[in-house]
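One-letter residues, chain by chain:
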Amino acid sequence: MTFFYYQVEMTSYTLNLPVQLQQEAEKLATLQGISFDRFILWAVAEKVATLNQRNDDRTFPQITYVRGASGQLIPVLRGTRLRVQTLVIAAQKWAFPLNQIATEYDISEAQVNEVLDFYAGHSQEIDASIVAEQIIEAAKV
C-alpha cells in the first residue's frame, strides 16, 4: 500500500474577530472536535467554494447569479447589480420599449435583449421571484 503526502504551503494571517464571534466559533470548533485554526480554515474554504460555484446558464453570458441578502441566488446583468426581474417588470408591467429601458438603466439594447431572452428561458424562476416580492411588499402595507 502506498501513501501520498501532499505538502501544502500555508501562510500566517492575523485575524481580528469580535469577541462574541470568536467565542461562538471556538465553541463550534470544540463541538466538531477540531482546532479553532482548522475551523477557520474550513469556514474560509467553504465560503470560497460557494462563491466560486457557477450557476450561470452559459447560453446567456451577460447574465450571472449573485447571492442576495436572504441567501437566495438572484440573476443579474453581469457587471451590474441590476436584477433581471427589474428589467422584466419594466418591459412587461410598464410596457417600456427596449430603447427606453436601455436609457433608463444606462445599459445597451443588446443587454436588454439578452435579459429578455434569458427571461423567456427562465420565466418560472423570474415570475416566482416577482410574485414573492409582491407578497412581501403587500404585507408591509
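Residues numbered from 1 in each chain as written. Predicted model: local features only at pLDDT ≥ 70, side-chain atom pairs only at ≥ 80, totals over all residues. Heavy atoms only, no water.

(A) Region of interest: the pattern of salt bridges. Enumeration according to the criterion identifies 2 salt bridges in this entry. The closest approach of N and O atoms between K27 and E24, which form a salt bridge, is 3.6 Å. Note that K27 and E24 are positioned in helix α1 (residues 19-32) at a spacing of 3 residues, about one turn of the helix. R83 serves as the salt-bridge partner of E133, at 2.7 Å between the closest nitrogen and oxygen. Linking E133 in helix α6 (residues 123-140) with R83 in the loop between β2 (73-77) and α3 (84-92), this pair joins segments that are 50 residues apart in sequence. Accessibility expressed as a relative area gives 26% for R83, which makes it partly exposed. (Salt bridge = Lys/Arg side-chain N within 4 Å of Asp/Glu carboxyl O. Helix = DSSP H or I, 4+ residues; strand = E, 2+ residues; numbered from the N terminus. Buried < 20%, exposed > 50% of the residue type's maximum accessible area, 1.4 Å probe, protein only.)

(B) Spatial organisation of the side chain of H122. Relative to the assigned elements, H122 resides in the loop between α5 (109-121) and α6. A relative accessible area of 16% places H122 in the buried class. Within polar-contact distance, the side chain of H122 engages the side chain of D57 at 3.2 Å. Not counting residues up to four positions away in its chain, the partners in contact with H122 are D57, F60 and Y65. (Polar contact = N/O pair within 3.5 Å; in protein donor to acceptor, adjacent residues only side chain to side chain. Contact = heavy atoms within 4.5 Å.)

(C) Representation of the pairing of strand β1 (residues 63-67). For β1, the tally of buried residues reaches 4 of 5 residues, placing the bulk of the element in the interior. Across 5 bridges, the pairing between β1 and β2 is antiparallel. When the bridges of β2 are listed, T64 appears paired with V76. The turn linking β1 back onto β2 is made up of 5 residues, and G71 within it adopts a positive phi angle of 95°. (Pairing = 2+ DSSP bridges.)

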